[in-house]
Each structure stands twice: as structure tokens, then as C-alpha cells.
Amino acid sequence: MEKRYNFLQSNPVRLLLNLLWVYICYEVCRIAFLFENWNLYSGTLSWNLFWKMSAGGWRFDTSAIFYTNAVVILLYLLPWAKKEVRWYHTMTKWIYVIVNSLAVILNLGDSVFFEFRKHRSSMATVQEFQNEGNLGSIFWEEFFAHWYLVLLAALLIFFLWKCYRIPGTPVKPSRRYYLTQIITLVIIAPVTVMGMRGNTFFTATRPIAVSYAHNFVDDPLQTGIVLNTPFSLIRTIGQLPQKTPVYFTEQAELDAIYSPLHTPADSVSPRRKNIVIFIVESFAQEFVGALNKDLDNGTYKGYTPFADSLLQHSLYFEQSFANSGFSIDAPPSILASIPRMDRPFVLSPYSLNHLNSIATELKNIGYHSAFFHGADNESLGFNAFVKSIGFEKYFGRNEFYADNRFGGKSEFDGTWGVWDEPFLQYFCVELGEMPQPFLASVFTLSSHHPFAVPDKYKDVFVDEGLHKLHKCIRYADFSLRRFFETASKQPWFNNTIFVITADHGSSKRTHDVYKNEVGGFRIPIIFYDPSGEMPAGRHPGIVQQIDIMPTLLNYVGYDRPYVAFGKDVLNTPAEETWAFNWDFFPQYFKGDYVMRSDGENVTEIYNYVSDPLLRDNLKGKFPQEKEMEREMQAIIQSYMQRMTSNTYQAE
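The shown structure was predicted, so the numbers you read here are calculated from the model rather than taken from an experiment. (Residues numbered from 1 in each chain as written. Predicted model: local features only at pLDDT ≥ 70, side-chain atom pairs only at ≥ 80, totals over all residues. Heavy atoms only, no water.)

Caption draft 1: Just the sheet that holds strand β12 (residues 586-590), in detail. Ordered by their spatial adjacency, four strands build an open sheet running β11-β12-β13-β14, and the pairing between neighbours is antiparallel. Pairing within the sheet leaves two strands with one partner each, and these edge strands are β11 (578-582) and β14 (602-607). Within the sheet, the average angular offset between the axes of one strand and its neighbour, ignoring direction, is 15 degrees. When β12 meets strand β13 (residues 593-597), the two strands line up antiparallel, connected through four bridges. (Pairing = 2+ DSSP bridges. Helix = DSSP H or I, 4+ residues; strand = E, 2+ residues; numbered from the N terminus. Axes fitted to C-alpha atoms, helices over the stretch in contact; angles between N-to-C directions.)

Caption draft 2: Here's a closer look at the environment of Ala574. Considering the arrangement of structural elements, one finds Ala574 in the loop between β10 (562-563) and β11. Apart from residues lying up to four places away in sequence, Ala574 is in contact with Pro540 and Gly541. (Contact = heavy atoms within 4.5 Å.)

Caption draft 3: Local environment of the pattern of salt bridges. Counting across every chain of the model gives 24 salt bridges. Several salt bridges converge on common partners, so that one network encompasses Arg271, Lys273, Asp529 and Glu533. (Salt bridge = Lys/Arg side-chain N within 4 Å of Asp/Glu carboxyl O.)

Caption draft 4: Geometry of a nonpolar patch on the surface. A surface patch of nonpolar side chains, amounting to about 440 Å² of accessible area, comprises Phe35, Trp38, Trp47 and Trp51. Its place among the elements puts Trp51 in helix α3 (residues 47-68). Using a relative accessible area of 43% as the deciding quantity, one classes Trp51 as partly exposed. (Patch = residues over 30% accessible without salt bridge, like charges linked within 9 Å, V, L, I, M, F, W, Y side chains within 5 Å. Areas by Shrake-Rupley, 256 points an atom, 1.4 Å probe, with all protein chains shown as cover. Buried < 20%, exposed > 50% of the residue type's maximum accessible area, 1.4 Å probe, protein only.)

Caption draft 5: Summary view of the nonpolar core. The biggest cluster of nonpolar side chains holds 130 residues, and the ones touching the most others in it are Ile277, Phe278, Phe427, Phe483 and Phe484. When sequence neighbours within four positions are dropped, the list of residues in contact with Phe427 reads Val276, Phe278, Phe372, Ala440, Ser441, Val442 and Phe483. Core analysis: the second largest hydrophobic core is formed by 49 residues, Met53, Met196, Leu227 and Leu352 among them. (Core = buried A, V, L, I, M, F, W, Y, C linked by side-chain atoms within 4.5 Å.)

Caption draft 6: The side chain of Asp529, seen in detail. With respect to the element layout, Asp529 can be found in the loop between β8 (525-528) and β9 (537-544). Only 2.9 Å separates the side chain of Asp529 from the side chain of Tyr555, close enough to count as a polar contact. Filtering out sequence-adjacent residues up to four positions away, Asp529 remains in contact with Lys273, Asn494, Thr496, Met534 and Tyr555. (Polar contact = N/O pair within 3.5 Å; in protein donor to acceptor, adjacent residues only side chain to side chain.)

Caption draft 7: Representation of the packing of helix α4 (residues 70-77) against helix α9 (residues 175-197) within the structure. Direction vectors running N to C along α4 and α9 enclose 170 degrees, while the axes themselves pass 10 Å from each other. Overall, the two elements α4 and α9 adopt an arrangement that is roughly antiparallel. From α4, Ala70, Ile73, Tyr76 and Leu77 reach across to α9, where they touch Gln181, Thr184, Leu185, Ile188, Thr192 and Met196. Looking at the contact of α4 with α9 residue by residue, the classes come out as seven nonpolar, three polar and no charged. (Parallel < 35°, antiparallel > 145°, perpendicular 65-115°, else oblique. Nonpolar A, V, L, I, M, F, W, Y, C, P; charged D, E, K, R; others polar.)

Caption draft 8: Geometry of the environment of Val112. As for its position among the elements, Val112 is in helix α5 (residues 86-117). Judged by relative accessible area, Val112 falls into the buried class, the value being 9%. Once residues lying within four places of it in the same chain are set aside, the contact partners of Val112 are Glu36, Glu142, His146 and Leu149.

Caption draft 9: Broad picture of the environment of Val217. Tracing the sequence through the fold places Val217 in the loop between α9 and α10 (223-226). Linking Val217 and Lys52, residues 165 residues apart in sequence, is a C-alpha distance of 9.2 Å. When residues no more than four places from it in sequence are discounted, the contact partners of Val217 are Met53, Gln222, Thr223, Val226 and Lys387.

Caption draft 10: How the structure looks around the side chain of Thr304. Within the secondary structure, Thr304 is located in the loop between β2 (274-280) and α13 (305-311). If sequence neighbours within four positions are ignored, Thr304 has contacts with Phe283, Phe287, Val288, Gly289, Ile473 and Asp477.

Caption draft 11: How the structure looks around the pairing of strand β7 (residues 496-502). The buried fraction of β7 amounts to seven of the seven residues, a majority that puts the element mostly inside the structure. Side chains Thr496, Phe498, Ile500 and Ala502 project from β7 onto one buried face, and the interleaved Ile497, Val499 and Thr501 project onto a second face that is buried too. Both β2 and β7 contribute to a ladder of seven bridges, which runs parallel. When the sheet's bridge partners are listed, Ile275 is paired in β7 with Ile497.

Caption draft 12: Examining helix α20 (residues 548-555) more closely. The buried fraction of α20 amounts to seven of the eight residues, a majority that puts the element mostly inside the structure. Within the sequence span of α20, burial applies to Ile548, Met549, Pro550, Thr551, Leu552, Leu553 and Tyr555. Immediately downstream of α20, the backbone of Gly557 shows phi near 85 degrees, a positive value.

Caption draft 13: Region of interest: the packing of aromatic side chains. Using the criterion set out here, one finds 63 aromatic pairs in the structure. Relative to Tyr303, the ring of Tyr300 lies with its centre 6.5 Å away and its plane at 85 degrees, an arrangement referred to as edge-to-face. Take Tyr300: its relative accessible area is 11%, and that puts it in the buried class. What makes Tyr303 buried here is its relative accessible area of 6%. The side chain of Lys93 reaches across the aromatic face of Trp161, ending 3.8 Å from its centre. Here the basic side chain of Arg120 rests over the ring of Phe33, its NZ or CZ set 4.4 Å away from the ring centre. (Phe/Tyr/Trp six-rings, centres within 6.5 Å; stacked < 30°, edge-to-face > 60°. Lys NZ or Arg CZ within 6 Å of the ring centre and 35° of its normal.)

Caption draft 14: Up close: α3. Spanning 22 residues, α3 covers 29 Å between terminal C-alpha atoms, matching the ideal 32 Å at 1.5 Å per step. Of all bends in α3, the biggest is about 30 degrees, found at Gly57. By the burial criterion, the buried members of α3 are Phe50, Met53, Ser54, Gly56, Gly57, Phe60, Asp61, Thr62, Ser63, Ala64, Ile65 and Phe66. Of the surrounding secondary structure, the elements contacted by the buried residues of α3 are α1 (11-36), α4, α9, α10 and α11 (229-235). (Expected span 1.5 Å × (residues − 1). Bend = angle between axes of the 7 residues up to and from the residue.)

Caption draft 15: Expanded view of unusual backbone geometry. Going from Gln436 to Pro437, the amide bond is cis rather than trans, its omega being -5 degrees. Within the fold, Pro437 resides in the loop between α18 (420-432) and β6 (438-443). Across the junction of His449 and Pro450, the peptide omega takes the value 15 degrees, indicating a cis bond. In this fold, Pro450 is placed in the loop between β6 and α19 (469-487). Backbone geometry at Asp342 places phi at a positive 80 degrees, although glycine is not the residue there. Structurally, Asp342 can be placed in the loop between α14 (330-336) and α15 (358-363). Owing to a relative accessible area of 28%, Asp342 belongs among the partly exposed residues under this scheme. Located in the positive-phi region is Leu380, a residue other than glycine, with phi close to 60 degrees. With respect to the helices and strands, the residue Leu380 is situated in the loop between β4 (368-373) and α16 (382-388).

What follows is the structure in C-alpha cells.
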């Protein structure tokens, strides 16, 4: 007689129990980590805060557990009756125990070495020690010195072995067995993928990274509690740090050519102006008519009538560039003066470093800060990054929906988040509720694929035939106009300096001068001071995203040393201004020239002003070639030194 099928003894239920045992082991390891490193946390951490961090850490535990147990899950739920035999179940159990035992050992072992590195081990750690010959002696020394962790590891491994539940499957699986297995596999497969990602497909565009741990802590050191070592290793595969080049052996020689340390003058004039920074999605220079007066033989109009009018009362520069071509790099560049250096900073091994930013520095002189982004609150990990650099508040789609004054969920664009116009009106109102002086930044999103505009504007901003993005740029420009119409009536308006820039250029380029690796990085960087104190007009020289932070800090009279890779363009002679970016290869702009490298040697030099299509390579013909090369090398070496030594703060 066939045994009656008992769902509580089925594969799905027992699999969930087996995963629960792993969660328990990870939490025990987290508590052990805390006790092992108690001297680092005892003065700043309460148990209540620890449990809050643990709750955040379960996101990272989930990712690691689903990654490492993916094979076990598949073996468990495979709808194949012949697998329901003793040897198959024993094999699955051994894989489960071995994989999760390794995770336990990594977590407990890393708790010992955390004190020396101040962050969880990653693939960068593996690379750092791969050529060390004395690791064996170090291991055995620590093995005996931390015998209590060895004992705890043994107990946890024994716990996994004893608590493992072999499926309670009937001798002759019925149709109900197959149906249950198939349905469970169909359900668990996407859940497993979402578990690996650490978020759903619907709330975030990319999986969580180690930098996301900043979202749950107040200090980078505390990320060690939130993270676990298997996750840190898995998420940093393929993200090994670059080796710090040694172009200059003497630090004094390097600093004489380039140093990111900014020291204020002995006397500074304080201007406690509010600061508002707009980061407009894909707002490329090509779209701004006033910045392209010579395009199409002087007939080019562009798509930004409001930005054109604002430029007449604003300060901007002859040349302006983005430091990257990706949205994820914009907040580090604009708000912390950190350029992309071959890879996104927030996905690099340095993402857990202690950083200074415009928010951390202005906090020292009484500023309040907030960051706004109309997408889901976890989109692109912006909430975690801006928290790590000192922004006090974050306003996203969730906060907008909770405020019924601006349409709530009815203003969802159907893809990314809140339409620009209502979100910027919300932004404006929230600014009025912030104590002054304040720093606020907003990242817009409507000028993005799938290139739609609100239904009520479909007859206003229409597809003009060149590219659908252009109507979205018109809508974004209109949304800015509406913001300034509202803001100009507010009491804080005249005491505020506004910066309008883009996250990056656009891939939807129609003119040849914008289709190469110079034109593709051209973006507007506009400084607007309604009071008229900042000199308006077109200034000679070069400005880039990483210049925004030092320029604004110096303009408001910040009087303390700080680190920023950019420069104060208002107090730098035009001939000494420069720009740098490194997406696919390093590019260094100075004067009318751009220099490219393959990472080792200079490959190209162009006069990008007189030769905008970059047809005449001047390598070997340019008298200042060696000087420019040394300056580019100094920027790269200074960046790598600061990041690898975790010294992106003034001492």
C-alpha cells in the first residue's frame, strides 16, 4: 500500500528547514564576530543597534546562502523519481554540509583578521596574499590562539550534520509528488535568483554589492557586522583592485605635480549659502542649444529652452566634461569628487573606505543635507552610497508616495519611478522644510529609456523623428523650469546657489562631433546664483564633475582641509584647469588637447578644439607631451595611493 503523502515531510518543507539551519549558523558567526572584535565596537555599539544591523545583514546572508546552496536546492527539488534513493540523499547531505561548513569557517576565520584590515575579506585580499609564503605558519598560530572559534566551528558543523533533514518521500512517488516538485521548483527558482541578488527584480536594477552595507550603518567599520565573508568574496569576483603604479618614487615629487589635498587660505570669506545640485539623467551638452551656437552652421536650436535662458544668468566654462559614462558613477564624482578609475567606485574594493564629501565637510559648519531620487529607494544603491558620504536624509519614491500632495502613485512613470515634474515640485517643497543652510541634491530619471512623457504632455513634447529621447529632454527641461518658477517664490531662493549638470552624456548622439570619446563626455555644468554674487558668463578653461565639490566648498568659505580629486575652478587659472576620465581607457584633458593612454603608455594626442573629429594624432609631435603624461600619471598614482591606503580624508 502506498504511503499517504505528508506535505510537512516533503522535500520543499525540509529544504526550507535546512536553509533555516544555515541562517542560524550565519547569525551565530555574526555574534562571534562581534565578541572577537569587541574592542573595536564596545564604545559605539549597543545591543539594540547590533540587532538592527543583524536584520540588515540578513539581506547579505540570504545572498550568500542562496549562492552557496544553489546546487543543493536543485538536487533537492529535481522532479525525478529515481533520485529518491539513499545514496542520492546522502550525496546531497554531504554537499550541503561541506559547502556550509566552509562558509562557517570563512566567517569565523575572518573575524580574527578583521582587526588588521578593518573590512571583510574580499577577492582583493586573496590577490594581496596569493604570493605570501608564510601563510601556513600564520594559520596554525592563529588556529591554536583562537581555539574557542575552532571549537565553535566544530559545533556548528555538527549542528548542520545532525539537523539536516533528508526528504520524507514515499517509496513510489505519485502524481502529487511530481506536481509538488515541479510547482515548488518553478516557485523556488526565481526566489533563489532574487535571493542571490539580495533584492527583487522589481525594486532594483542591479544586485546588492558590498557597498550596500552602508545603508545599515553609521560608520564604515560597522559594515563588518552587517556583511558576511562568503558574500564579500562572491560579490568581488572579477573586481580585483588595480596595482598602484609607481610613476614617482618620491612622495614630494608626486605632490608637487598633483595632490588632492585642499588647504584653505588663511582668511576666507564665509558665505553660508544653501546649495542645490541637480543631476539630470542623460542631459548631454549636445541637447543644449546655447552651448552649440556653431552647430549646423549656427541654426541649431537644441531641446532645452529653459536651460538656454538660465545660461544667460549663470557661470559656465568653455569646456565641461563628465568623469564617466554611467549613472552609477555620477554621485561619487559630483558629491565626493571621486572619478571613475576604470570601474565604478561603488563596485570597487574601495567602496567601504572612509570618505569625505561635500556633505561631510559642510556638516562641520552647520549644514543639513538630503538626497532625492524619484526611483525605488534601492535603485542603483544610491541610498547606501549617499549615506556613506554623510547625507543625513534620503527621499525616494517611497517618501513621495507617502506624501499625498503631489499625486502619489498616480505619478509613477510605469518603469523607473516618479515623473520629473511632480518629483521636482516635491523636492522644492521639501527644501523649504529643511533648516538653513542646507545642501540638497536631486537625481532625475524621466529622460531615460523607454523614452516616454506623461500622457498629459504627449501633444506638447512629441517625437520629432531624430530620437525619442529628445522629447524626454524637452520634458526634463520643462520640469526644471517648473521647479524654478516655484522655487523663485520661496524665501530661501536668493540665498541659494544652484548647480545643474548631467549624470553622463548620451548614447543617442546625432552630430559627428559628439560621437567620439571626447564629445560623448561633454555635459553642461552650470552654476546659477540668483543673488548675482557669483560672476555669470562663459569662462575660459575646463570644468568637470569632480570640480563641483571643491568649487562649492571654497565658494561658501569652507575653512578646513579636505581631500577632493577635483579643483576649485573659480580660483584656478584657465591654463591650469584640466579634466580626467577613465571608462575604457584613461583620457586627460588640458588646454585644447586630450591625451589617451592604454594604461601604460600614451597612445594618442589630439587637439580636440580645432580637430573635434579626432583625425590627426599628434603623438610624438606635441612639445608638452611629457609634461601632460606626468600630470596624468600623478592623478592616477595619487588616486590609487589614497584608495588602497584608505586615506581619502584630510589628516
